[in-house]
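One-letter residues, chain by chain:
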Amino acid sequence: MINGSTKLICLIGQPVEHSFSPSIHNTLFEKYDINSKYICFDVDKDCLKEAVNSIKALKIKGSNVTVPHKVDIMEYLDEIDINAKLIGAVNTIKNDNGKLIGYNTDGIGFVNSVIGKGYKIQDKNVMILGAGGAARSIAVEIANNNAKSIEIRNRTLDKAESIAITINENFKSIVKIGDINITKEDLENIDILINTTSLGMSPHIDKIPIDDTINIDKDILVCDIVYNPKETRFLKWAKENNLNTLGGIDMLINQALEAFYIWTEVKPDRECLYEVEQLRF
Ligand code: ATR
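Residues numbered from 1 in each chain as written. Predicted model: local features only at pLDDT ≥ 70, side-chain atom pairs only at ≥ 80, totals over all residues. Heavy atoms only, no water.

Comments concerning the layout of surface pockets
Any empty space left between atoms is shown by rolling a water-sized probe over those atoms. The condition that has to hold: Put plainly, a pocket is an open set of points on a 1 Å grid over the protein atoms alone with protein on both sides within 12 Å along at least five of seven lines, a cavity is a set where a 1.4 Å probe fits but cannot get out, and a lining residue has an atom within 4 Å of a point. Grid points are joined across faces, edges and corners, and a volume is the space filled by probe spheres set on the points. Under the scheme used here, helices are H or I runs from DSSP no shorter than 4 residues and strands are E runs no shorter than 2 residues, and both carry numbers assigned from the N terminus. Polarity classes work like this: nonpolar for Ala, Val, Leu, Ile, Met, Phe, Trp, Tyr, Cys and Pro, charged for Asp, Glu, Lys and Arg, and polar for all others, with Gly in that last group.
Within this model, the second largest pocket holds a volume of roughly 380 Å³. Taken together, 24 residues form the lining of the second largest pocket, with Ser 113, Ile 249, Asp 250, Asn 254 and Arg 270 sitting closest to its centre. Only helix H4 (106–116), helix H7 (233–240), strand E12 (244–246) and helix H8 (248–264) provide two or more residues apiece to the lining of the second largest pocket. If one sorts the elements of the lining of the second largest pocket by residue count, H8 sits on top with 7 residues. Looking at side-chain class alone, the lining of the second largest pocket contains 8 nonpolar, 7 polar and 9 charged residues.

Points about the pattern of salt bridges
Heads up, the condition is: The salt bridge criterion pairs a side-chain nitrogen of Lys or Arg with a carboxyl oxygen of Asp or Glu, the two atoms within 4 Å. Burial status follows relative accessibility: with a 1.4 Å probe on protein chains alone, a residue under 20% of its type maximum counts as buried, one over 50% as exposed, and anything between as partly exposed.
A complete count under the given rule lists 13 salt bridges for this structure. For Asp 179, the salt bridge goes to Arg 153, with nearest N and O atoms at 3.5 Å. A residue pair is termed long-range when its members are at least 10 positions apart, and Asp 179 in the loop between strand E9 (174–178) and strand E10 (192–195) and Arg 153 in strand E8 (residues 149–153) qualify at 26 residues. For the salt bridge of Lys 184 with Asp 217, the shortest nitrogen-to-oxygen distance reads 3.5 Å. Separated by 33 residues along the polypeptide, Lys 184 in the loop between E9 and E10 and Asp 217 in the loop between E10 and strand E11 (221–224) bring together distant segments of the chain. Given a relative accessible area of 32%, Lys 184 falls into the partly exposed group.

As for the site of the ligand
Selection rule: When we say a residue is near a molecule or strand, we mean one of its heavy atoms is within 4 Å of it. Pairs of N or O atoms are called polar contacts if they sit within 3.5 Å, as long as, within protein, a hydrogen donor faces a hydrogen acceptor (for residues adjacent in sequence, only side-chain-to-side-chain pairs). The Shrake-Rupley method, run with a 1.4 Å probe sphere, supplies the accessible areas, and residue values consider only the shown protein chains as cover.
Residues in close proximity to the ligand include Gly 130, Ala 131, Gly 132, Gly 133, Ala 134, Asn 154, Arg 155, Thr 156, Lys 159, Thr 197, Ser 198 and Leu 199, which together make up its full environment. Between the ligand and Ala 131 there is a distance of 2.9 Å, counted from an oxygen atom to a backbone nitrogen or oxygen. Within the contact set of the ligand, an oxygen atom lies 2.4 Å away from a side-chain nitrogen or oxygen of Thr 156. Isolated, the ligand exposes 650 Å² of accessible area, and the fraction of that covered by the protein chains is 65%.

What about the sheet that holds strand E4 (residues 79–80)?
Put simply, the rule is: Criterion used throughout: strands pair if DSSP finds at least two bridges between them. Residues count as neighbours in contact if any of their non-hydrogen atoms are within 4.5 Å of one another. Interaxial angles span 0 to 180 degrees and are taken between N-to-C directions of axes, which are lines fitted to C-alpha atoms, for helices over the stretch in contact.
Taking strand neighbours across the sheet as the criterion, the 6 strands line up as E2-E1-E3-E5-E6-E4 in an open arrangement whose pairing is mixed. Only two strands of the sheet have a single neighbouring strand rather than two, namely strand E2 (36–42) and E4. Sheet analysis places strand E3 (residues 62–65) next to strand E5 (residues 92–96), joined by 3 bridges and oriented antiparallel. Counterpart to Gly 62 in the pairing with E5 is Lys 94. Those strands touched by H8 are strand E1 (7–13), E2, E3, E5 and strand E6 (99–103), and its axis lies near 10° from that of E5.

Focus: the UniProt feature "domain: Shikimate dehydrogenase substrate binding N-terminal" (unreviewed entry) in the protein chain
What counts is decided by this rule: UniProt positions are given in the numbering used here, feature names are shortened, and annotations may be inferred rather than shown by experiment.
When the UniProt feature table is mapped onto this chain numbering, "domain: Shikimate dehydrogenase substrate binding N-terminal" (unreviewed entry) sits at residues 11–93. Annotated as 33% helix and 22% strand, the span residues 11–93 places its first and last C-alpha atoms 10 Å apart.

Structure below.
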C-alpha cells in the first residue's frame, strides 16, 4: 500500500511504455516488504537536466536510465562508478543523501547470467559479435572478470577498435578485433560466443549474425542478448549444434537484480521473479 513513507524509484527513458522494469522491481519490493514503488517517466532529450534535478528535489531514491539518455545523463551526475566510466554509459542511479552516483549494471548482469549457468569467465576465450553500447558494457565486465582473450567482431571496425583500446588500457585480457563474417576456424578456440547485434530482434526475427550452415563440434556457450523473441535464430542454430545457450531475458533480469541491490542493499533471489509473466524463464 502507498502511504506517507513510500519511496520512489523510477525509469528515465523514451519510450518507456514497454519496459519490464516496473513489473520486476515492484514484485521485488513486495517480496522483500520494502515500502517503495517503481514507475516510468517518459523524458524528452531537452528536459534531461531538469529530470535529473527532480531526482534530487523530490528525494527519489534511485533511477534506471534507458535509451536515449544513457550517455547524456552522465554530465548531470555527481559521481560515476569506475566501470560505468569505462563503459561510457549509465543505466542506474543511486541517490545517496543528495549525491547522485551513476552505475552500469548491463555488463554485470551478463556476467552474472554466465556464472549462474555454471560457467566461469576467468581464463576463457570470448568472442563478442557487435560493438555497440551493449557490447562495450559486456566487454568491460568480461575483462574485469579476467577473461583470457576477447575478440570483438563488428561490421563497423572503428567501433570495435574503440572498445579494444579501452580494454587494452585498463585490463589484462588480450583483445582482438575483426569483421562480422565468422568462419568455423574462427570459433576453434572460443569458449563463449555472444551476440550483441540487433540481428534477430523482433520484427526482424529471420536475421542471424552468423552463417548457420557452420557446424560446431566443440563445447561453446552461445549467448544472445536479444530477448524478443526469447529464442532467436542464433540460439536455434546453437541448439541444433548441441551447444548450451543463454538468452537475453537472463541478462535483463540480472541487470535489474544488480540495480535493486544498489538501491536497497538487498541481494534479491531471482526465483522471486518467477511469477512475472513477461519474464518466464
Ligand atoms: P546496443 O546499445 O543495443 O548495443 P547499438 O549501439 O545500436 O545498440 O549497436 C547495435 C549493434 O548491432 C552494432 O554493433 C551494429 O553494427 P555497426 O556498429 O556496424 O552499426 C550491429 N548491427 C545492426 N544492424 C546490423 C546489420 N544489419 N549487420 C551487422 N551488424 C548490425
